[in-house]
Amino acid sequence: MKLLITGGAGFIGSHVVRLFVNKYPGYEIINLDKLTYAGNLENLKDVEDASNYRFVKGDISDLDFINKLFEKEKFNGVIHLAAESHVDRSITNPLDFVETNVIGTVNLLNAYKAYCDLSTGRFYHISTDEVYGELGDEGKFTESTPYHPNSPYSASKASSDHFVRAYGTTYNLPYVISNCSNNYGSHQFPEKLIPLFIHNIKTRKPLPVYGKGENIRDWLWVNDHARAIDVIYHNGRNGETYNIGGNNEWKNIDLIHLLCSQMDQKLNRPEGTSEQLITYVKDRAGHDFRYAIDSSKLMAELGWEPSVTFEEGLSKTIDWYLENKEWLDHVTSGEYQNYYNEQYVLR
Ligand code: NAD
Ligand code: TYD
């Protein structure tokens, strides 16, 4: 099995690459990543020398590059995670999201159709529950909830989901899609809520809470998402969508209180110290109120379930950031590019 994983140097992608490289020594795994600000080869230090793993630097929105790569490599399957992934950046820079998330995905689909052996693998698009829009106080997203994206980010992911499904129908491509809720865990770029707040608490900076902090998200430990991706890639049914969630809804402000309390304990600061950093700021434009996801299809069909409670997962996550000071320093200073040059350019 020659498997292309796109976006493998990012947060979720690096967990997926690690899981596949370690679990499937007989696979040839190629990680294609542009190394944007969110991509970091330091995330993969522990697998970079594995004999079943290779890294290729490239941009999925570069049609010529993608066609040449697919023509040369003849992949059996694709797990597509590369994306612009941050809602706030999509509000200020929507075109970047169209280029990577929409055009990049269509480039991959065309190349997959033209050059891959469709009988041995599949095209797996990793997507988000944000395509379904927002919920009120009740209910959960299911696989049949109509799409209603509200941010440029979710609109671009909805569009790419539609292209994947349309290529499946029109050209008979084997595909599968999963839509997952908010992930948290190690190696997440400190722009998203949890790593940003861990970093700010550590450095005693304000914690910017959007609006009143009453928005609700479902949180899933990234390693559990990676396990879900493994079972769906191997055992999911072609042409199906699977929702993935933690059954773990938190109002932002309650999550922030829990995070502050765990951080105070771990940093040996008096209880209540971190809470003083909470600062209410102007709300995000178009801020979705609530996401909640029904994963019963995935659980019933493929036997997957989350492996940790939120308290455990959050505690492990904080520990990782506190133990990996250099990682955090590098991603916040842009220093990690030097690592790439040393490893691959000057070699
Ligand atoms: P991330 O921003 O941490 O990583 C994205 C990776 O894609 C980076 O390594 C980046 O360098 C790479 N990339 C970006 N543009 C590229 C391009 N044009 N060509 C090649 N590589 C490019 O994102 P993440 O949080 O790991 O998310 C991965 C995927 O999972 C995305 O598709 C995202 O929409 C989806 N998703 C994320 C979450 C979440 O909570 N983070 C939840 C559900 C789904
Ligand atoms: P985020 O981690 O950006 O994920 P998403 O927008 O994809 O759900 O944000 C999670 C929640 O936290 C969301 O309701 C916005 C809120 N938030 C803040 O209140 N302050 C912040 O600085 C950030 C980044 C997010």
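Residues numbered from 1 in each chain as written. Chains lettered and ligands numbered in written order. Predicted model: local features only at pLDDT ≥ 70, side-chain atom pairs only at ≥ 80, totals over all residues. Heavy atoms only, no water.

**Q** I keep staring at the site of ligand 2 and nothing clicks. Help me out?
**A** Near ligand 2 lie 18 residues; those nearest to it are E130, P208, R217, R284 and H287. Between ligand 2 and the protein, one listed contact pairs an oxygen atom with a backbone N or O atom of L193 at 2.9 Å. Side-chain polar atom of R217 to an oxygen atom of ligand 2: 2.7 Å apart, as the coordinates give it. Against a free-state accessible area of 510 Å², the protein chains account for coverage of 97% of ligand 2. Secondary-structure elements contributing two or more residues to the shell around ligand 2 are α6 (193-202) and β8 (207-210). Classifying every residue of the shell around ligand 2 gives eight nonpolar, five polar and five charged. (Near = heavy atom within 4 Å. Polar contact = N/O pair within 3.5 Å; in protein donor to acceptor, adjacent residues only side chain to side chain. Areas by Shrake-Rupley, 256 points an atom, 1.4 Å probe, with all protein chains shown as cover. Helix = DSSP H or I, 4+ residues; strand = E, 2+ residues; numbered from the N terminus. Nonpolar A, V, L, I, M, F, W, Y, C, P; charged D, E, K, R; others polar.)

**Q** How should I be thinking about the site of ligand 1 in this particular structure?
**A** Taken together, 28 residues surround ligand 1, and among them I12, D33, S85, Y153 and K157 come closest. At 3.0 Å, a backbone N or O of I60 approaches a nitrogen atom of ligand 1. S85 is positioned with one of its side-chain polar atoms (N or O) 2.6 Å from an oxygen atom of ligand 1. Considering ligand 1 on its own, with 840 Å² of exposed area, one finds that the protein chains cover 97% of that surface. Put simply, the parts of the chain that give the shell around ligand 1 at least two residues each are α1 (11-23), β5 (123-128), α5 (152-171) and β7 (182-184). When residues in the shell around ligand 1 are grouped by element, the largest group, three residues, is from β5. Grouping the amino acids of the shell around ligand 1 by side-chain chemistry returns 12 nonpolar, 12 polar and four charged.

**Q** What's the story with α5 in this structure? I'm lost.
**A** An α-helical segment advances 3.6 residues per turn. Residues three or four places apart therefore align on the same side. Under the 1.5 Å per step criterion, the end-to-end length of α5 is 28 Å for 20 residues, consistent within 8% with the ideal 28 Å. What α5 keeps buried is the set Y153, S154, S156, K157, A158, S160, D161, V164, Y167 and G168. Just downstream of α5, N172 is the residue with a positive phi angle, here 65°. (Expected span 1.5 Å × (residues − 1). Buried < 20%, exposed > 50% of the residue type's maximum accessible area, 1.4 Å probe, protein only.)

**Q** Sorry, what's going on with the pattern of salt bridges here?
**A** Pairing is possible between side chains of opposite charge, provided their charged atoms come close. For the structure shown, the criterion picks out 18 salt bridges. Here R227 and D224 are joined by a salt bridge, their closest N and O atoms 2.5 Å apart. Linking R227 with D224, this pair stays in helix α7 (residues 222-235), spanning three residues, or about one helical turn. For D224, a relative accessible area of 1% translates into the label buried. As a salt-bridge pair, K266 and D319 come within 2.9 Å of each other at their nearest N and O atoms. Of this pair, K266 sits in helix α8 (residues 252-266) while D319 sits in helix α10 (residues 310-323), placing them 53 residues apart in sequence. K266 gets classed as partly exposed once you look at its relative accessible area, which sits at 28%. One salt-bridge network, in which partners are shared between bridges, spans K2, E28, R54, K72 and E73. (Salt bridge = Lys/Arg side-chain N within 4 Å of Asp/Glu carboxyl O.)

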